[in-house]
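Each chain is listed here by its residues.
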Amino acid sequence: MTKILFLPGAGGSPDFWKPVGSLLPTQRPKHYFGWPGLGNQPYDPAITGLDDLVALVAGHMDEPVDLVAQSMGGVIATRLALAFPERVRRLVLTVTSGGVDMAGLGASDWRADYRKSFPKAAEWITASSSSPSLPVERIVAPTLLIWGDADPISPVPVGRHLESRLGNAHLHVVPGGDHDLAQTHAELVASLIARHLG
């Protein structure tokens, strides 16, 4: 069975995806990543930026995997799908940027609120207001996009933009879904993911 790798956002907690993961078929191997130094996660001096997180996940991809990612985790998943197309079987991106112009698509700046919630988080996470543009058109993995219509951090136009650029993608909009929709709408999100992963 193909392993599912769950990637959280900048909150960094390995528990973020567990409500959804617990509702997916039990026979699927699952790995829940946490991001050292982000949110309330303990520091690791080896982690100094996104490149290190990409390498951390890549170390668990010795065979094809399914990637399920939220927010900043979606940037990591997108980079992995571009770098290792043969190792990403299917992709799920929820409320992410995926390396697109967020401000131009109506996204609010999350950094001040993040710093209030996680004052001890690594400085690098809020040092830049934008993620570098990525050539998402080159992603070959079938991709499910899940967005909420009440999310100011990654609004629906971001999901629509990604759907228009990805060659094999489908967008599902969750009514009332905010940036944490994977937790507040876990049953719905799990059913969408289960259908996509097959």
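Before reading further, recall that the structure is shown in the block above.
Here we summarise the structure given alongside this text.

Parameters at a glance
- Residues numbered from 1 in each chain as written.
- Predicted model: local features only at pLDDT ≥ 70, side-chain atom pairs only at ≥ 80, totals over all residues.
- Heavy atoms only, no water.
- Helix = DSSP H or I, 4+ residues; strand = E, 2+ residues; numbered from the N terminus.
- Rg over C-alpha atoms; globule rule 2.2 N^0.38 Å.
- Contact = heavy atoms within 4.5 Å.
- Areas by Shrake-Rupley, 256 points an atom, 1.4 Å probe, with all protein chains shown as cover.
- Lys, Arg positive; Asp, Glu negative; His and termini not counted.
- Charge placed at Lys NZ, Arg CZ, Asp CG, Glu CD.
- Polar contact = N/O pair within 3.5 Å; in protein donor to acceptor, adjacent residues only side chain to side chain.
- Pairing = 2+ DSSP bridges.
- Axes fitted to C-alpha atoms, helices over the stretch in contact; angles between N-to-C directions.
- 1 Å grid on protein atoms, 1.4 Å probe; cavity = no way out; pocket = protein on both sides within 12 Å on 5 of 7 lines; lining within 4 Å.
- Points joined across faces, edges and corners; volume = space filled by probe spheres on them.
- Nonpolar A, V, L, I, M, F, W, Y, C, P; charged D, E, K, R; others polar.
- Buried < 20%, exposed > 50% of the residue type's maximum accessible area, 1.4 Å probe, protein only.
- Left-handed = near helix turned anticlockwise from the far one by under 90°.
- Phe/Tyr/Trp six-rings, centres within 6.5 Å; stacked < 30°, edge-to-face > 60°.
- Lys NZ or Arg CZ within 6 Å of the ring centre and 35° of its normal.

From N to C terminus, the protein includes seven helices and six strands. Taken from the N to the C terminus, the helices and strands of the protein come in the order β-α-β-α-β-α-β-α-β-α-β-α-α. Taking 198 residues into account, the globule formula puts the C-alpha radius of gyration at 16 Å, and the protein, at 15 Å, falls close to it. Oriented by its inertia axes, the alpha-carbon framework of the protein measures out at about 40 × 35 × 30 Å. Within the protein, contacts between residues separated by at least 24 positions form 71% of all contacts whose residues are at least 6 apart in sequence. Accessible area for the protein stands at about 8,800 Å²; split by element, carbon and sulfur atoms hold 54% of it. Within the protein, one finds 16 positive and 19 negative side-chain charges whose respective centroids are separated by 4 Å.

What follows deals with the side chain of Ser-71. With respect to the element layout, Ser-71 can be found in the loop between β3 (65-70) and α3 (72-83). In terms of polar contacts, Ser-71 uses its side chain to reach the side chain of His-179, at 2.8 Å. The contacts of Ser-71, once residues within four sequence positions are left out, are Gly-9, Thr-94, Val-95, Thr-96, Ser-97 and His-179.

Okay, the sheet that holds strand β5 (residues 143-148) next. Overall, parallel pairing links the six strands, which are arranged β2-β1-β3-β4-β5-β6 in an open sheet. The strands lining the two open edges of the sheet, one partner per strand, are β2 (30-32) and β6 (169-174). Neighbouring strand axes in the sheet, compared pairwise and without regard to direction, differ in orientation by 15 degrees on average. Pairing geometry for β5 and β6, over six bridges, is parallel. Pairing of Leu-145 across the sheet is with Leu-171, part of β6.

Take the layout of surface pockets next. There is about 1,200 Å³ of room inside the largest pocket. Considering the residues around the largest pocket, the lining is formed by 41 residues, among which Ala-10, Ser-71, Met-72, Trp-110 and Ile-153 are closest to the centre. Among the secondary structure elements, those contributing two or more residues to the lining of the largest pocket are α3 and α4 (111-117). Across the lining of the largest pocket, the residue classes break down as 18 nonpolar, 18 polar and five charged.

This next bit is on the pairing of β5. Extensive coverage of β5 is indicated by the burial of six of its six residues. In β5, alternate side chains face the same way, and those of Thr-143, Leu-145 and Trp-147 on one face and Leu-144, Ile-146 and Gly-148 on the other are all buried. Note that strand β4 (residues 88-94) and β5 share four bridges and pair parallel. From the neighbouring strand, Thr-94 faces β5, where its bridge partner is Ile-146.

This part covers helix α5 (residues 156-165). Every buried residue belonging to α5 is among Val-156, Val-158, Gly-159, Leu-162 and Arg-165, and all of these are buried. Looking at the buried positions of α5, the neighbouring elements they touch are β5 and β6.

The next thing to look at is the packing of helix α2 (residues 50-58) against α3. Axis separation between α2 and α3 bottoms out at 10 Å; the angle between their running directions is 65 degrees. As for how α2 packs across α3, the hand of that crossing is right-handed. When α2 is examined against α3, the residues Leu-50, Asp-51, Leu-53, Val-54, Val-57 and Ala-58 are found in contact with a partner set consisting of Met-72, Val-75, Ile-76, Arg-79 and Leu-80. Residues that form the contact of α2 with α3 fall into these classes: nine nonpolar, no polar and two charged.

Under the defined criterion, the tally for this structure stands at six aromatic pairs. Cluster of aromatic residues (ring-pair linked, three or more members): Phe-6, Phe-16, Trp-17 and Tyr-32. Between the NZ or CZ atom of Lys-18 and the centre of the ring of Tyr-32, over which it lies, the distance is 5.6 Å.

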